[in-house]
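Here is how the chains run, residue by residue.
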Amino acid sequence: MYEIIVVGGGHAGCEAAHAAAKKGHKTLLITSNIKNIADMPCNPHIGGSAKGIVVREIDALGGIMGKVADKTHLQIKMLNSAKGPAVQSLRAQGDKIAYPKEMMNVLNSLENLEIREGMVEDLIVEDNKVKGIILEDGERIESKIVVLTTGTYLKADILVGNTRTRQGPHGEKPSNHLSDKLKEYGFTIKRLKTGTPQRIDRKTIDFSKTRVEPGDDKYLTFSFDLEPQYKIEDQIPCHLTYTTEETHRIIRENLNKSSMYGALDDIEGIGPRYCPSIEDKVVRFSDKERHQLFIEPESRYYDDMYLQGFSTSMPPEVQELMVHSLPGFEHAKILKYGYAIEYDAIYPTQLKASLETKVLENLFTAGQINGTSGYEEAACQGLMAGINASLKLEGKEPLVLKRNEAYIGVLIDDLITKGIRDPYRLLTSRAEFRLLLRSDNADLRLRRHGYEVGLINEEQIERLNKKEKDIQECLEWAREQKLKVTEEVKKEFQKNHFSVPTATFSFEQLLGRPEITVEFLEQFQTFPYNQEIKEQVEIYLKYKGYIEKSYKEAEKMLKLEKKQIPEDIDYDKVNNIASEARQKLKEVRPTTIAQAIRISGVNPSDISILSVYLKKEYGKDE
Amino acid sequence: MNDTICAIATSQGVGAIAIIRVSGEEAINIVNKIFKGKDLTKVESHSINYGHIVDGNEQIDEVLVSVMRSPRTYTAEDTVEINTHGGIAPTNKVLELLLENGCRIAEPGEFTKRAFLNGRIDLLEAEAVMDMIDAKTENQRKMALNQIGGKTSQLINELRSDMVQIISNINVNIDYPEYDDVDIITNEILVPKIAKLKDKIKKILKESENGKMIKNGIKTSIIGRPNVGKSSLLNALLEEDKAIVTDIAGTTRDIVEGQININGILLNMIDTAGIRKTDDIIEAIGVEKSLKIMEESDLILFMLNNNETITEDIKELLDKIEGKNYIILINKNDLETKINRNELNVDKNRIINLSITEGKGIEELKNKIIELFNIEAIETKDPTYLSNARSISILKRCLKRIEEIEQSLNNNMPIDMIELDIKNIWEELGKINGSSYEEELLDEMFSRFCLGK
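Quick caveat: nothing in here was measured; it's all calculated off a predicted structure.

A.B. asks: Before we move on, can you summarise the overall build of chain A with the specific residues and values?
C.D. replies: The helix and strand tally for chain A stands at 20 helices and 22 strands. Projecting the C-alpha coordinates of chain A onto the three principal axes gives extents of approximately 80 × 75 × 50 Å. Taken over 622 residues, chain A has a buried fraction of 51%. Pairs at least 24 apart in sequence give 73% of the contacts found in chain A among residues at least 6 apart.

A.B. asks: Run through the overall build of chain B, naming residues and quoting values.
C.D. replies: Counting its secondary structure elements, chain B contains 16 helices and 13 strands. With 453 residues in all, chain B has 39% of them scored as buried. Sequence separation of 24 or more characterises 64% of the internal contacts of chain B that already satisfy a separation of 6 or more.

A.B. asks: Lay out the sheet that holds strand S10 (residues 157-160) of chain A in plain terms, naming residues and giving numbers.
C.D. replies: Residue and element names in this part refer to chain A. The 4 strands are arranged S11-S10-S19-S12 in an open sheet whose pairing can be described as antiparallel. Each having just a single partner strand, strand S11 (163-165) and strand S12 (189-196) make up the two edges of the open sheet. Between one strand axis and the next, the sheet turns by 25 degrees as a mean value, whatever way the strands run. As paired strands, S10 and strand S19 (residues 339-346) are joined by 3 bridges and run antiparallel to one another. Considered in S19, the bridge of Leu159 is made with Ala340.

A.B. asks: Can you tell me about the environment of Asp3 of chain B, naming the residues and giving the values?
C.D. replies: By the secondary structure assignment, Asp3 of chain B is in the segment before strand S1 (5-8). Along the chain, Asp3 of chain B and Glu26 of chain B lie 23 residues apart, while their C-alpha atoms are 7.6 Å from each other.

A.B. asks: Please set out the pairing of strand S5 (residues 89-93) of chain A residue by residue, giving values where relevant.
C.D. replies: In the case of a regular strand, side chains alternate between the two sheet surfaces. For S5 of chain A, the tally of buried residues reaches 5 of 5 residues, placing the bulk of the element in the interior. On S5 of chain A, burial covers both faces: Ser89, Arg91 and Gln93 of chain A on one face and Leu90 and Ala92 of chain A on the other are all buried.

A.B. asks: Can you explain the domain arrangement of chain A? Please cite residues and give values.
C.D. replies: One can read the domain layout of chain A as domain 1 (199-339), domain 2 (458-545) and domain 3 (562-618). Spacing between the C-alpha centres of domain 1 of chain A and domain 3 of chain A amounts to 46 Å.

A.B. asks: Describe helix H4 (residues 98-108) of chain A, naming the residues involved and giving the relevant values.
C.D. replies: All names here are of chain A. Among the residues making up H4, those that are buried are Tyr99, Pro100, Met103 and Leu107. Projected down its long axis, H4 shows its buried positions confined to an angular sector of 90 degrees, all on one face. Across from the buried face of H4, at angles greater than 90 degrees, the exposed residues are Asn105 and Asn108. On its buried side, H4 packs onto helix H1 (11-22), helix H3 (65-72) and strand S6 (113-117).

A.B. asks: Provide a residue-level description of the confidence of the model for chain B, including the pertinent values.
C.D. replies: Residues and elements named next belong to chain B. For chain B, per-residue confidence averages 76 on the pLDDT scale, and 71% of positions sit at 70 or higher. Element-level mean pLDDT values for chain B span from 43 in helix H9 (residues 275-278) up to 94 in helix H1 (residues 27-33). Contacts for the low-pLDDT stretch residues 240-254, under 50 throughout, to residues beyond four places or in other chains number 15 contacts. Counted against residues more than four places away or in other chains, residues 273-280, with its pLDDT under 50, gives 18 contacts.

A.B. asks: Just give me the short version of the nonpolar core, but keep the residues and values in it.
C.D. replies: Among the nonpolar cores identified, the biggest contains 139 residues, and Ala16, Val146, Val147 and Tyr407 of chain A are the most heavily contacted of them. Among all residues touching Val146 of chain A, those that are not within four sequence positions of it are Ile5, Val7, Leu123, Val130, Gly132, Ile133, Asn362 and Leu363 of chain A.

A.B. asks: Please provide a residue-by-residue account of the packing of H1 of chain A against helix H9 (residues 375-393) of chain A, values included.
C.D. replies: Residues and elements named next belong to chain A. Between H1 and H9, the least distance of the axes is 7 Å, while the angle of their chain directions is 30 degrees. The pairing of H1 with H9 is recorded here as roughly parallel in orientation. Between H1 and H9 the crossing geometry is right-handed. On H9, the residues that touch His11, Ala12, Gly13, Cys14, Glu15, Ala16, Ala17, His18, Ala19 and Ala20 of H1 are Tyr375, Ala378, Ala379, Gln381, Gly382, Leu383, Ala385, Gly386, Ile387, Ala389 and Ser390. A class-by-class count of the residues in the contact of H1 with H9 yields 13 nonpolar, 7 polar and 1 charged.

A.B. asks: Mind laying out the sheet that holds strand S2 (residues 18-23) of chain B, listing which residues take part and the relevant values?
C.D. replies: Residue and element names in this part refer to chain B. If you walk across this open sheet you meet the 7 strands as S3-S4-S5-S6-S2-S1-S7, and the pairing is mixed. Each end of this open sheet is capped by a strand with a single partner; those strands are strand S3 (35-37) and strand S7 (104-105). Two strands pair when backbone bridges link them, and strand S4 (residues 47-55) and strand S5 (residues 58-68) are joined in this way by 9 bridges, in the antiparallel orientation. Its bridge partner lying in S5, Ser47 is registered against Val67.

A.B. asks: Lay out the environment of Val22 of chain B with the relevant residues and their values.
C.D. replies: Residue and element names in this part refer to chain B. Among the secondary structure elements, Val22 is positioned in strand S2. When the C-alpha atoms of Val22 and Phe111 are compared, they prove to be 9.2 Å apart, with 89 residues separating the residues in sequence. Beyond its immediate stretch of four places on either side in the chain, Val22 contacts Thr4, Cys6, Ala27, Ile30, Val31, Thr79, Val80, Leu98 and Cys103.

A.B. asks: I'd love a proper account of unusual backbone geometry, names of residues and values included.
C.D. replies: Trans peptide bonds make up the majority, and among non-glycine residues the majority have a negative phi. Residue Pro71 of chain B is reached from Ser70 of chain B by a cis peptide bond, and omega for that bond is 0 degrees. Among the structural elements, Pro71 of chain B can be located in the loop between S5 and strand S6 (79-84). Of note in this structure, Asp127 of chain A is not a glycine but carries a positive phi near 50 degrees. Mapped onto the fold, Asp127 of chain A is located in the loop between strand S7 (120-126) and strand S8 (129-135). On the basis of neighbour counts, which here come to 7 C-beta atoms within 10 Å, the residue Asp127 of chain A falls in the exposed class. Here the phi dihedral of Asn362 of chain A falls at roughly 65 degrees; this positive angle occurs in a residue that is not glycine.

A.B. asks: Go over the environment of Val54 of chain A with me, naming the residues and quoting the values.
C.D. replies: Residue and element names in this part refer to chain A. Among the secondary structure elements, Val54 is positioned in helix H2 (residues 51-61). Under the C-beta neighbour-count criterion, Val54 is labelled buried, with 33 such atoms within 10 Å. If we skip the residues at most four places from it in the chain, Val54 touches Glu376, Cys380, Tyr407, Ile408 and Leu426.

A.B. asks: For the packing of H1 of chain A against H4 of chain A, give the residues involved together with the corresponding values.
C.D. replies: Residues and elements named next belong to chain A. Close contact between H1 and H4 brings their axes to 10 Å; oriented N to C, the two are set at 25 degrees. With respect to H4, the element H1 is oriented roughly parallel. Every pair of crossing elements has a handedness; the one defined by H1 and H4 is left-handed. Only Met103, Val106 and Leu107 of H4 make contact with H1, whose side of the interface consists of Cys14, Ala17 and His18.

Definitions and limits used
- Residues numbered from 1 in each chain as written.
- Chains lettered and ligands numbered in written order.
- Predicted model: local features only at pLDDT ≥ 70, side-chain atom pairs only at ≥ 80, totals over all residues.
- Helix = DSSP H or I, 4+ residues; strand = E, 2+ residues; numbered from the N terminus.
- Buried ≥ 20, exposed ≤ 12 C-beta atoms within 10 Å, placed from the backbone.
- Contact = placed C-beta atoms within 7 Å.
- Pairing = 2+ DSSP bridges.
- Axes fitted to C-alpha atoms, helices over the stretch in contact; angles between N-to-C directions.
- Domains from an automatic or database assignment.
- Arc of directions from axis to C-beta.
- pLDDT = per-residue confidence, 0-100.
- Core = buried A, V, L, I, M, F, W, Y, C linked by C-beta atoms within 7 Å.
- Parallel < 35°, antiparallel > 145°, perpendicular 65-115°, else oblique.
- Left-handed = near helix turned anticlockwise from the far one by under 90°.
- Nonpolar A, V, L, I, M, F, W, Y, C, P; charged D, E, K, R; others polar.

What follows is the structure in structure tokens.
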């Protein structure tokens, strides 16, 4: 018998299986097709705004996505490098062949992990407890815990023009019954939709009509443990092109042939707001003369180019016209047409913060089945589900990351508290404490958690301890170090158009000035610390006011997080709560007052009534 | 909050009718027990029913009873209103009967509190209702009405919608850095936008100061040496408007000597250590205390005697008066001029010659006050400003933050840092009418900008 079964081999499934097996639990990863493990069925990049920070967080906690990406990417860059440190985020162009291959190497190296093929169509359930899975041929496999990471495969339908075909990405067979079974067990199921653009043969694109988008000329890694595994000059560029007036005309004239615009009349799925199809863009933003398209390589090993920004559900013959209207694509060969895909997800307010479901004990879910979109969003949930499934087996409290600790915490709290309207994507703007949740400090925020749950080893944690110590020392050093305004110093300041200091200031004070960097000061005095430490010190001193403000705000929230709401509370007994709020509270069943406040439809007056009730009924302190 | 409350809803005293309001789960049952007429538990909601209030067999009053069932009532609870024939005795008798049958007397503001707690009205509205109940002038009533109707909310919402556009644009720049067809908000672009926001907030604050004036009146003190005619002035001002001369406690520790209504604005004459009794304020309380009173007043009526030279202590006070709202009144112009007006180092426009004994100059004084506080302008437009202390203090905090943003822009802080400050203000403003909501921002982002894979 297995301790943990992970259903699905996508980015969530890989992280979940890895975490569980690495923590020493006998784990089975079951997938419908082993060849598709760690597949990237949509865009080929990993990271991006906010998402890149999540990959860093996964690495800090002991997950694997960052390391696998570091070893295999085609190019990497730091987004927003001209902006403040809080919004900088890594983005790599993944290799769709090398990435899954490297992931398989990692998984195969795990002693406690077994991988097999099989289509799961039901769960073994007794007394609202999950005890294993049932395959389509009726085979039963028992386990103490099941983690569902089924991606888009629940009742997946591919939509192209006026056709609807029951299949997953790559024409794979989907799971036809699992979502119905879940419904029977009491889950609310929501239908979602997403789409993907065409793949174009690299050899048929005239790149001279496009703009080159290279990787950064500075070495970068997602992982806190790896040295760069690539050469800057070997990076493969992306390219940029634009739609034309002709493209828009073709789309407008053929609009009724698009699945989404009437060719299919049975679409229930709700598509992502942030990811509209090209039809949507042309219709909704009709005043725009052109739309940007990115041409992204999918792999070093084959010729498919991903046409980001051109996602569509038009029939193939219209897609041909559309693609050929693009500059550089006059003779382009389409290797794979764009399509939309509809699939079932469970409504995520049915989850606890540990990602265990409230409906069935010992069942955890992660990734697109929870209504999210994106590889990184899936991977981090998989990691947390894997960790918390293991902790449950070990009889320990779950690891719940708070909103001021990690984007992962923001994502899971949003899911279980606010639910979803459309596939959920992480955005910088969702994090109220984004200044604390930076790419550069993910290890400082999370490594210790990773160590406590057993995914980070002694050597890694010692490195972290040393880093923390060095930062403190460097801060003290900067406080002591003074800059005398000599003629030479004065000249340098003037040369850079900086106002010359009127007295002798400490490095700490000088770094507080927006224009003065460590690099500038090092002309006069070298900092006896490495780059990583200098970066932390500079960020802290430069944005101290803002950072301290964020800490204060976070503290306020944490105070409310401490106000627990008993699990057995009966909201029907709380008088005078507005009926919409009552319904929402019953649905979400928040565990703290802070969480209750975040529920949309619950107003401050409801919160005060709830607080009074808790005090009266449970003697809880305000 | 499960008990049923009752109170006389109209002002106490002799009126044509009086209304007693009952609210709570048992409201209908309780009134039904003392009502002779239709069975109130069976009548339609929002109906008016004729009958009698009875105490056993004794008929107390002929009444009309409105029955309104939850939730479409003021408190969102079952509510009954009994219209009686005014008069203190019968009204009190009805109230007593209600209390005997299970009601409890409502605390001041409790109906509104219930409406708020039951989610019927938001905080701003609740505050406005309380203001309405206390309204003494037509302007106060109008302002309270406007807040209930959400006009103030609209003002705040306008401000917030300006901000959310900036915020969402910056957020799109952050989250979609590779899209070159989205406007890039830079510090340079932001400077004039922030200046505009600052102006708007300042304007609301300025008007809110007026609002405060409408609501709380103008705290007015009369300063002057003994026998200069302070009490005569007070009497002369109060003369025409005897009806509202009352000895009521003011909002703070001041004793309001009397209230004068000038074009709908109340002048609260504060009794500076009993002007009328001692009539020698400066001697009695000294220069220092006089200064303190001047400091705390919205309007200083500084009285001098035409028949006297200016003394040193008066000079000392006058030196400190600049920058305040003051009017210099030179009284006793019917007597020989001994004062040297050239010694007065004050705005000559603010000097008025009086002769209270001859009744001269009072009208001029009133006009000057109207001019000084721009009361005419207030009168002619809708008073839509914030009038409660909580909202004003939030707005002031926002103004301070805006000034910090200007500083940060000057210092070339990265735009995403500045966005944090703007978002903070946006959220603070939302607290005024309770509309802080993240989803609002996301909607703005995705409806205005064209993004996607």
